[in-house]
Amino acid sequence: MELELIDEGRFERTMRDMVLPALEHCKREGWMRSHAPGGVSEGMGHGAASAGLEPSASVAPTASGFGAAVSPSDPNRLHYVCYEASAFDDLNLPGSQGRHRGVVIISHGFTEFAGKYDELAWYFLLAGYTVCIVEHWGHGLSGRGVDDPSLVWVDSYRRYVEDLATFCEEMATDYGGDQPICLYAHSMGGGIAASLLERHPTLIDRVVLSSPMIAPRTGLALGLAGALMHVACATGQGRRMVPGHHRFNPVFDPAFVGNASQARLRWIHGLRAADPAYQTSAASYRWVGQAIALSRELLRPALCERVEASALVFQAEPDTFVLPRPQNRFVDQVRTGGGAMSLVRVPQACHELYTMPNGTLGPYLARILDFFAAPTPLVGGGE
């Protein structure tokens, strides 16, 4: 499937004048309750405590029904945004498919937020998908557990996984019907999604893991890094910033664009600069320790064998944020267990593949949309 990409030379104007108004027209926004540590299951099944999605006060409850409203000031809140395909189709925009193909749930990466995926949501809507994005714990408008707006902290990676599981269940009920439930997951969100596939193997039909954090780059061997994080947390430094990380810089620096699209990165930087809630930029010792713990679990062969959803794994070459060999190992172990998973390597690409120039973004997006829409899974071989 092919879509007309936004002209990078007119990117800001197109986003401001066309994309954002269209998204606002079909937007549903609300809150859910995050799984507190005591509500995170240690077994294979769903968490013992129900997180429960709640609509914001301005949005009517959907057919699935939500309980008492979660306050936007609740410290255990999660923020989510949905863009409904039926309302989007009412706009009769050029290029819109005019049909409902299913649901795409987006699991974002480290220090990201829902608005960073506005352009990708636009393309999925044009292709006929309702798009649902939850801002993970510690990100965007969701609860954080720390006062420093630059810092990302999490008590357990299981919180991420169970939050995403609850969100997927609710969105499937609200929007799925008999259509596919698809998941697009980037970086940290890809690691969370990979664990979801292992622990809740029947929730999702098709998954794209884009530059997934099967293992983070730490500059040290993961075993040594994990030991250092454990010591730091045990000595009361779990909520402190790790060395080498910094607070958000409001000045856009073109030198850091690399192979990505400057127009796209400049737009995203503007979103971050305009709202302190979007200025997360650094990891805490606890977050790094939990990222390493997640990696150890993801690569357990017995869990890899549980994956049932068809999946595409996109690997950026080179990638300065996540390690490629654990990605390869994860794919191999899922295949050995009988799973349908394909590895797609994207040469001369940056970690955030969805921010690449149109020449790379076009084939990347076309491959994803063909995979989501195919009557049979387009998987089986690497590239």
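Residues numbered from 1 in each chain as written. Predicted model: local features only at pLDDT ≥ 70, side-chain atom pairs only at ≥ 80, totals over all residues. Heavy atoms only, no water.

### Points about the pairing of strand β5 (residues 129-135)
Stage number 1. Burial of β5 is extensive: seven of the seven residues sit out of reach of the surface.
Stage number 2. Because side chains alternate across β5, one face comprises the buried residues Tyr129, Val131, Ile133 and Glu135, and the other comprises Thr130, Cys132 and Val134, equally buried.
Stage number 3. Examined bridge by bridge, strand β4 (residues 102-107) and β5 share six bridges and lie parallel to one another. Paired with Val103 across the strands is Thr130, a residue of β5.
Stage number 4. Regarding topology, helix α3 (residues 118-126) serves as the crossover connection from β4 to the parallel β5, and that connection is right-handed. (Buried < 20%, exposed > 50% of the residue type's maximum accessible area, 1.4 Å probe, protein only. Helix = DSSP H or I, 4+ residues; strand = E, 2+ residues; numbered from the N terminus. Pairing = 2+ DSSP bridges. Right-handed = clockwise from strand over helix to strand, strands pointing away.)

### Topic: the environment of Arg99
Stage number 1. With respect to the helices and strands, the residue Arg99 is situated in the loop between α2 (85-89) and β4.
Stage number 2. With 13 residues separating them along the chain, Arg99 and Ser86 place their C-alpha atoms 8.2 Å apart.
Stage number 3. Ignoring anything within four residues of it in the chain, the contact list for Arg99 reads Asp89 and Gly128. (Contact = heavy atoms within 4.5 Å.)

### So, the packing of aromatic side chains
Stage number 1. Summed over the entire model, instances satisfying the criterion amount to eleven aromatic pairs.
Stage number 2. Here Tyr80 and Phe167 contribute two aromatic rings whose centre-to-centre distance is 5.6 Å and whose plane-to-plane angle is 55°, an arrangement assigned as tilted. Of the two residues, Tyr80 sits in strand β3 (residues 77-83) while Phe167 sits in helix α4 (residues 157-176), which places them 87 residues apart along the sequence. Each member of the pair, Tyr80 as well as Phe167, carries the same accessibility label: buried.
Stage number 3. Ring centres of Phe314 and Tyr364 lie 4.8 Å apart, and the angle between their planes is 70°; this geometry places the pair in the edge-to-face category. In this pair, Phe314 is assigned in strand β10 (residues 310-317) and Tyr364 in helix α11 (residues 358-373), connecting sequence segments 50 residues apart.
Stage number 4. For Phe314, a relative accessible area of 2% translates into the label buried.
Stage number 5. Exposure remark for Tyr364: the relative accessible area of 5% places this residue in the buried category.
Stage number 6. Here the aromatic cluster, defined as three or more aromatic residues joined through ring pairs, consists of Tyr117, Phe124, Tyr129, Tyr184, Tyr354, Phe371 and Phe372.
Stage number 7. The side chain of Arg159 reaches across the aromatic face of Trp137, ending 4.0 Å from its centre.
Stage number 8. A cation over a ring is seen here: Arg239 above Trp153, with NZ or CZ 4.0 Å from the ring centre. (Phe/Tyr/Trp six-rings, centres within 6.5 Å; stacked < 30°, edge-to-face > 60°. Lys NZ or Arg CZ within 6 Å of the ring centre and 35° of its normal.)

### Here's the deal with the nonpolar core
One recurring pattern in soluble globular proteins: nonpolar side chains tend to sit buried together.
Stage number 1. Within the largest apolar cluster, 64 residues are counted, with the highest numbers of intra-cluster contacts made by Ile105, Trp287 and Phe330.
Stage number 2. Setting aside its immediate chain neighbours within four residues, Ile105 contacts Cys132, Leu164, Phe167, Cys168, Met171, Ile181, Cys182, Leu183 and Tyr184.
Stage number 3. Judged by nonpolar contacts, the second largest core, of 55 residues, contains Val19, Val81, Leu93 and Tyr354. (Core = buried A, V, L, I, M, F, W, Y, C linked by side-chain atoms within 4.5 Å.)

### Some words on a nonpolar patch on the surface
Stage number 1. A cluster of nonpolar residues, Leu220, Leu224 and Leu228, forms a patch on the protein surface that exposes about 260 Å² of accessible area.
Stage number 2. Examined against the element boundaries, Leu228 turns out to sit in helix α6 (residues 222-234). (Patch = residues over 30% accessible without salt bridge, like charges linked within 9 Å, V, L, I, M, F, W, Y side chains within 5 Å. Areas by Shrake-Rupley, 256 points an atom, 1.4 Å probe, with all protein chains shown as cover. Salt bridge = Lys/Arg side-chain N within 4 Å of Asp/Glu carboxyl O.)

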